[in-house]
Amino acid sequence: MEKGEDSSTFKMGNSAQERSLPYVPDCYVVPPSCEPCDSNSEILPTIDVSRLKGGDDERRGVIRELSLACQHLGFFQIVNHGINQNILDDALEVARRFFELPAKEKKKFMSNDVYAPVRYSTSLKDGLDKIQFWRIFLKHYAHPLHRWIHLWPENPPGYREKMGKFCEEVKELSIEIMGAITESLGLGRDYLSFRMDENGMQVMTVNCYPPCPDPETALGLPPHSDYSCITILLQNLAGLKIFDPMAHGGSGRWVAVPEVTGVLKVHIGDHVEVLSNGLYKSIVHKVTLNEENTRISLASLHSLGMDDKMSVPCELVNDKNPVRYKESSFNDFLDFLVKNDISQGDRFIDTLRIKD
């Protein structure tokens, strides 16, 4: 293989990251970022969500912390979330073991169909992106679990059981966090609970970022925001960077998110930006690479049902605050993904903003 071959050369099953090439092909090289990077993690809010179950005053204090985090960054870390560390460790372990399976086992799930409920692929849209990304992933729907789990991989042994347990626990946590978010907007904690609990979507994205021979020239994922209401992230190594748009007088900076055992990360997604009529912002983030170690991350994306449209609540609209976003669904996002190139900076939320 020559370094200059285009992205169609490196389709799934034959990608540079799957083959552990000793160089980064040209089609993986990303333009250098002009924004500064800051490793100061002290600016990252950390919220003790066990306090949501405390007295009224304690809960109100957490709601205020959460509201500020959603307004300023669209990102926060959570501790004392109630998910046992063994469940977190087991999920990361079966994910790692899945990616270590022989290629023929993983190819059973290989698909470029973004509408498929279970699919294995590489980069973003395998072989179609102008720039390829040093990433392998398995995506599967996870709620309600009994509807989808039979489609998940049977290998490695224990995958369905251990990943399923993690999905159930994270789903329960997501309902609690979303209740706090809607309460912080003055809508009450149960505003979306039925639509997200009974009929909502949970998409589990199991990511593998193998060691990269030149991590400064490539990315695991380009800058983007998630379509979801919220994404709850578990990772085994650092690599996530979030964009703080208010830093450096509004020019912004990238902030490296450290890995701390047991701490989960929460991303505000496009649909909470819509829900809040722009008060809360979906977080732009990217994934950097490691030269020596494989990074595994489990991103649990939570949204309304497939065709259930998120819209701006009438309670948040008045003469001074008109509706600023069009309504949209998870299916609308999938349609957007088919027609657009996220690697080139296309963002779903930009298609939803109503221009003055």
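Residues numbered from 1 in each chain as written. Predicted model: local features only at pLDDT ≥ 70, side-chain atom pairs only at ≥ 80, totals over all residues. Heavy atoms only, no water.

Q: I keep staring at unusual backbone geometry and nothing clicks. Help me out?
A: Excluding glycine, residues mostly have negative phi values, and the peptide bonds linking residues are mostly trans. Of note, the bond from H143 into P144 is cis; its omega dihedral lies within 30 degrees of zero at -5°. Structurally, P144 is set in the loop between strand 5 (136-141) and helix 5 (145-148). P156 follows N155 through a cis peptide bond whose omega is 0°. Structurally, P156 can be placed in the loop between helix 5 and helix 6 (159-184). At S20, a residue that is not glycine, the phi angle is positive and equals roughly 55°. Here S20 is to be found in the loop between helix 1 (16-19) and strand 1 (37-38). Although it is not a glycine, N80 adopts a positive phi angle of roughly 50°. Its place among the elements puts N80 in the loop between strand 3 (75-79) and helix 3 (85-99). (Helix = DSSP H or I, 4+ residues; strand = E, 2+ residues; numbered from the N terminus.)

Q: What should I look at first to understand the side chain of H140 in this one?
A: Structurally, H140 is set in strand 5. Its relative accessible area of 0% is what places H140 among the buried residues. A distance of 3.5 Å separates the side chain of H140 from the side chain of W152, its partner in a polar contact. Excluding residues within four positions of it along the chain, H140 makes contact with P117, V118, W152, Y159, M163, Q202, V203, M204 and V206. (Buried < 20%, exposed > 50% of the residue type's maximum accessible area, 1.4 Å probe, protein only. Polar contact = N/O pair within 3.5 Å; in protein donor to acceptor, adjacent residues only side chain to side chain. Contact = heavy atoms within 4.5 Å.)

Q: Got a minute to help me understand the environment of Q344 in this structure?
A: Along the chain, Q344 falls in the loop between helix 10 (330-339) and helix 11 (348-352). Separated by 311 residues in sequence, Q344 and S33 place their C-alpha atoms 13 Å apart. The residues touching Q344, leaving out its near neighbours within four places in the chain, are K130 and I131.

Q: Got a minute to help me understand the nonpolar core in this structure?
A: Soluble globular proteins tend to pack their nonpolar side chains together in the buried interior. F76, M163, F166, I181 and L298 are the most contacted members of the largest nonpolar core, which has 89 residues in total. With ten residues, the single largest contributor to this core is helix 6. With residues up to four places along the chain from it excluded, the contact list for F166 reads I87, L88, A91, M204, L234 and L298. The next biggest cluster of nonpolar side chains, apart from the first, holds twelve residues, and it includes Y28, W134, C212 and L221. (Core = buried A, V, L, I, M, F, W, Y, C linked by side-chain atoms within 4.5 Å.)

Q: Quick question: what am I supposed to make of empty space enclosed by the protein here?
A: To locate leftover empty space, one rolls a probe as large as a water molecule over the atoms. With the rule as written, the count across this model stands at three cavities of 30 Å³ or more. Along the walls of the largest cavity sit 35 residues, with R135, K139, T205, D226 and L301 positioned nearest its centre. Counting only elements with at least two residues in the lining of the largest cavity, the list comes to strand 5, strand 6 (201-209), strand 7 (221-224), strand 8 (230-235), strand 12 (285-287), strand 13 (295-303) and helix 10. Here the lining of the largest cavity is built from residues that sort into 20 nonpolar, nine polar and six charged. (1 Å grid on protein atoms, 1.4 Å probe; cavity = no way out; pocket = protein on both sides within 12 Å on 5 of 7 lines; lining within 4 Å. Points joined across faces, edges and corners; volume = space filled by probe spheres on them. Nonpolar A, V, L, I, M, F, W, Y, C, P; charged D, E, K, R; others polar.)

Q: Help me understand the side chain of T182 in this model?
A: Among the secondary structure elements, T182 is positioned in helix 6. There is a polar contact of 3.1 Å between the side chain of T182 and the backbone oxygen of G179. What T182 contacts, discounting residues up to four positions off in sequence, is L187, G188, R189, Y191, L192 and L275.

Q: Help me understand the UniProt feature "domain: Fe2OG dioxygenase" (unreviewed entry) in the protein, please; the structure alone is not making it clear to me.
A: UniProt feature "domain: Fe2OG dioxygenase" (unreviewed entry): in the numbering of this structure it lies at residues 197-304. From the first C-alpha to the last, residues 197-304 spans 9 Å; its make-up is 10% helix and 42% strand. (UniProt positions renumbered as here; feature names shortened; annotations may be inferred.)

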